[in-house]
Amino acid sequence: MTAPAILPAKGAADRLTGVFWRRPGLLLLLLVTPPLLWLGVVYLGSLAALLLQSFYSIDEFSGVVKEEFTLKTYAELFRAQNLDIILRTVVMATAVTLACAVLAFPIAYYAARYAKGPWKAAFYLGVMLPLWSSYLVKVYAWKLILAKEGILGWAAEGTGTGFIIDGILSVPFLEGSSLSTSPFGTFLVFVYIWLPYMILPMQAALERVPNSMLEASADLGATRSQTFRTVILPLALPGVIAGSIFTFSLTLGDYIIPQIVGDSSRFIGLTVYQLQGTAGNTPLAAAFAVVPILIMLVYLSLAKRAGAFDAL
Amino acid sequence: MTAAVEFQDVSRHFGPVRAVDGVDLTIAEGSFFAMLGPSGSGKTTCLRLISGFEKPTGGAIRIFGEDVSNTPPHLRNVNTVFQDYALFPHLNVRDNVAYGLMVKGVGRAARHAKAEEMLALVKLDGYGDRKPAQLSGGQRQRVALARALVNEPRVLLLDEPLGALDLKLREAMQDELKALQHKLGLTFVFVTHDQHEALSMADSLAVFNEGKIAQIGSPQDIYDRPATRFVADFVGSSNVLPPDLTRALGGPAQWASLRPEATRLAATGPVSGTVTALRYLGSGTRVVIHTGATEIAALVPAGQPVPAEGATTAIAFEPQALHLMGTN
């Protein structure tokens with residue numbers, strides 16, 4: 001007589017489960033290999049190819065790419081007209097990021113600390129809804145809103161506040177016949193389009209600040225503004241930085257908005273698009289594409305040195 | 001003696017929920033006062049009423065005789081040790097402790113010196129440069145204590161400060177807190193749901209139940225003479241005897257309490273029952289005897305014979321051990 005089996009009979013699937021249970025590393029390996037291949041080969045690989053291209057140069061007569069290592073292409077970035085493009089893009093990205101941060105903070109703060117139940121749902125819907133429609137549709141809609149005969153001009157005329165728009169349009173560097181042909185219009189559209197990318201990480205960061213920490217600050221004698229400066233802001237800073245990475249880098253790379261709204265002056269993204277597409281100067285396009293990467297690296301190292309990630 | 005904190009018919013209702021309901025309370029200056037009760041009994045809300053994080057919906061609160069109805073938390077001279085410590089993760093230990101001085105505009109050198117002094121008081125000298133995340137639970141608790149004491153409050157509020165610590169550490173901290181309170185001569189108001197902690201640390205305590213104070217008095221009062229069945233049951237697992245059982249045991253027909261350690265086993269007596277459970281406690285054995293509808297626990301000291309489960313035994317006690325609680 002054989003003793004009855006204590007353990008239930010095992011099928012092939014059970015044996016496989018057993019193998020994974022014994023060797024959790026194997027399961028992890030199977031899970032992360034495909035995404036790592038994607039990241040390593042497709043993503044980082046193309047980035048490396050881009051970097052390589054930037055060290056090539058173009059033959060000015062034949063227009064053929066010379067596959068020889070040179071820093072000539074990078075030197076071209078320092079021409080006055082190219083430096084102008086870089087400077088204009090960085091100023092725009094900085095202004096857009098600051099404006100997004102200022103606009104997003106109260107919204108994120110309200111959503112994180114006060115909104116509950118249906119109000120929270122309404123918040124998420126309100127922030128996400130614009131992301132559901134086409135980016136191009138939104139940009140063209142803004143072109144119409146900002147046009148001379150658009151709703152904004154019409155409302156300003158009706159309320160006698162047209163002088164505000166005229167005032168903005170007479171500021172140096174913001175000149176234009178209407179908001180939709182002024183750099184200020186470009187700025188407004190950038191802020192509108194990227195705002196959700198600032199609100200969401202900020203809200204996530206603010207949500208992680210426990211209420212007891214704000215109470216502890218008040219308990220120790222801090223006024224509301226002191227609590228804001230010394231507790232809330234430092235703790236929300238990683239979220240602000242995360243949001244600013246989005247708004248900053250998205251503005252650095254965008255090539256559509258400046259084409260549709262504004263005075264058609266060139267930004268990095270647009271320049272890359274034109275160099276690559278119409279001029280066929282891939283090395284210079286690649287060199288231009290490296291600029292935002294360098295700017296972001298500098299920005300992040302400055303943020304780190306300022307202690308922005310201490311609360312992580 | 002002045003009253004450090006005074007509640008006069010104080011209520012805090014959240015819609016239909018009466019978290020605190022008509023509480024009258026006087027906490028003497030320099031005392032170690034405990035608020036004891038199960039969760040949801042209103043003890044923490046009472047503490048938050050003192051610190052100012054909750055506003056009463058009725059009644060008056062006075063701190064050292066001064067009505068604080070219109071005083072926000074940051075202007076009250078009380079400080080709190082929070083249950084989760086609420087240390088600021090982006091500041092090091094020294095800056096955490098010095099925070100209260102920083103917001104008052106005390107200069108860097110002066111506030112750091114004072115912070116070091118406070119850290120020495122809680123035996124954490126040399127830890128100033130660490131971040132809270134690098135400390136153990138017990139060390140964080142000390143930092144929270146030092147931070148709350150740096151402003152030299154007249155009343156220190158402690159919201160279940162030892163709840164997250166393991167038993168050994170908790171006992172050590174109980175002694176230290178008591179010694180610290182003695183040394184500083186401050187009024188400590190301590191919220192806990194642990195009856196042993198409340199009894200061993202407090203000079204006087206209030207037992208909360210459903211938003212009201214069930215009893216207020218010294219630990220001996222509460223332990224030996226519980227005013228209600230709730231107090232008898234909550235503080236120290238007393239036997240609660242219904243009126244008919246009290247009468248069968250020779251008392252009047254009233255609810256009564258009887259401590260397990262005052263209950264003895266006897267061969268014969270007016271009330272007997274079956275032993276249903278035995279629990280060995282080291283210092284003795286807890287014997288549960290089933291008599292009709294009531295369970296009575298008796299503590300048999302170590303070295304005395306313990307009956308077997310299922311045996312029949314009678315119970316006995318000194319007459320003065322029976323504490324009557326009236327008919328409520």
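Residues numbered from 1 in each chain as written. Chains lettered and ligands numbered in written order. Predicted model: local features only at pLDDT ≥ 70, side-chain atom pairs only at ≥ 80, totals over all residues. Heavy atoms only, no water.

Colleague: In this structure, what is going on with the layout of surface pockets? I would like to understand it.
Modeller: Any empty space left between the atoms is revealed when a probe the size of a water molecule rolls over them. Roughly 840 Å³ of internal volume is contained in the largest pocket. Along the walls of the largest pocket sit 27 residues, with Glu215(A), Ala218(A), Arg224(A), Phe53(B) and Pro73(B) positioned nearest its centre. For the lining of the largest pocket, the elements supplying multiple residues, two or more each, are helix 4 (80-113), helix 10 (211-219) and helix 11 (224-253) of chain A. Residue classes in the lining of the largest pocket are distributed as twelve nonpolar, eight polar and seven charged. (1 Å grid on protein atoms, 1.4 Å probe; cavity = no way out; pocket = protein on both sides within 12 Å on 5 of 7 lines; lining within 4 Å. Points joined across faces, edges and corners; volume = space filled by probe spheres on them. Helix = DSSP H or I, 4+ residues; strand = E, 2+ residues; numbered from the N terminus. Nonpolar A, V, L, I, M, F, W, Y, C, P; charged D, E, K, R; others polar.)

Colleague: Honestly, the side chain of His323(B) in this entry has me stumped. Any pointers?
Modeller: Residues and elements named next belong to chain B. Mapping His323 onto the fold places it in strand 18 (residues 323-324). Take His323: its relative accessible area is 16%, and that puts it in the buried class. Side-chain polar atoms of His323 contact the backbone oxygen of Pro226, separated by 2.7 Å. Discounting chain neighbours no more than four positions away, the residues touching His323 are Asp224, Arg225, Pro226, Trp255, Ala256 and Ser257. (Buried < 20%, exposed > 50% of the residue type's maximum accessible area, 1.4 Å probe, protein only. Polar contact = N/O pair within 3.5 Å; in protein donor to acceptor, adjacent residues only side chain to side chain. Contact = heavy atoms within 4.5 Å.)

Colleague: Please clarify how the sheet that holds strand 13 (residues 264-266) of chain B should be interpreted in this entry.
Modeller: Backbone hydrogen bonds hold the strands of a sheet together, and the pairing may be parallel or antiparallel. Residues and elements named next belong to chain B. Spatial ordering of the open sheet is given by 13-17-14-15-16, a layout of five strands whose pairing is antiparallel. Single-partner strands in this sheet number two, and they are strand 13 and strand 16 (294-301). Taking the axes of each pair of neighbouring strands and ignoring which way they run, one obtains an average angle of 50° across the sheet. (Pairing = 2+ DSSP bridges. Axes fitted to C-alpha atoms, helices over the stretch in contact; angles between N-to-C directions.)

Colleague: So what exactly am I meant to see when it comes to the domain arrangement of chain B here?
Modeller: Often the size quoted for an interface is simply the accessible area lost on bringing the parts together. Residue and element names in this part refer to chain B. The domains assigned to chain B are domain 1 (3-231) and domain 2 (237-324). One C-alpha centre belongs to domain 1, the other to domain 2; they are set 38 Å apart. Opposite the five residues of domain 1 that make contact, domain 2 presents six residues. For the pairing of domain 1 and domain 2, the buried interface totals around 580 Å² over both sides, and the portion due to carbon and sulfur atoms is 51%. For domain 1, the biggest contributors to the area lost against domain 2 are Tyr223, Pro226 and Arg229; these three give 82% of the whole. At the junction of domain 1 with domain 2, the criterion picks out zero salt bridges. Residue composition of the side of domain 1 that touches domain 2, grouped by class: two nonpolar, no polar and three charged. (Domains from an automatic or database assignment. Buried area = accessible area lost by both parts, 1.4 Å probe. Salt bridge = Lys/Arg side-chain N within 4 Å of Asp/Glu carboxyl O.)

Colleague: How should I be thinking about the pairing of strand 10 (residues 212-217) of chain B in this particular structure?
Modeller: Residues and elements named next belong to chain B. Relative to strand 10, strand 9 (residues 204-209) runs antiparallel, the two being bridged by five bridges. Across the sheet, the residue bridging to Ala206 is Ile216, located in strand 10. Here strand 9 folds back onto strand 10 in antiparallel fashion, the turn holding two residues, of which Glu210 has a positive phi close to 50°.

Colleague: Where do I start with the environment of Ser134(A) in this structure?
Modeller: All names here are of chain A. Note on placement: Ser134 falls in the loop between helix 5 (118-132) and helix 6 (135-146). Expressed as a C-alpha distance, the spacing of Ser134 and Phe105, which sit 29 residues apart in the sequence, is 25 Å. Polar side-chain contacts of Ser134 include one of 3.1 Å to the backbone nitrogen of Leu136.

Colleague: How should I be thinking about the pairing of strand 14 (residues 272-280) of chain B in this particular structure?
Modeller: For a regular strand, side chains alternate in direction, first toward one face of the sheet and then toward the other. Residue and element names in this part refer to chain B. As defined by bridge partners, strand 14 adjoins strand 17 (residues 312-316) across three bridges and the pair is classed as antiparallel. Within the sheet, the bridge partner assigned to Ser272 lies in strand 17 and is Ala314. Where strand 14 and strand 15 (residues 284-291) come together, six bridges link them in antiparallel fashion. Looking across to strand 15, one finds that Val275 is bridged to Ile289. Hairpin geometry of strand 14 and strand 15 is characterised by an intervening segment of three residues between the two adjacent antiparallel strands and by a positive phi of about 90° at Gly282.

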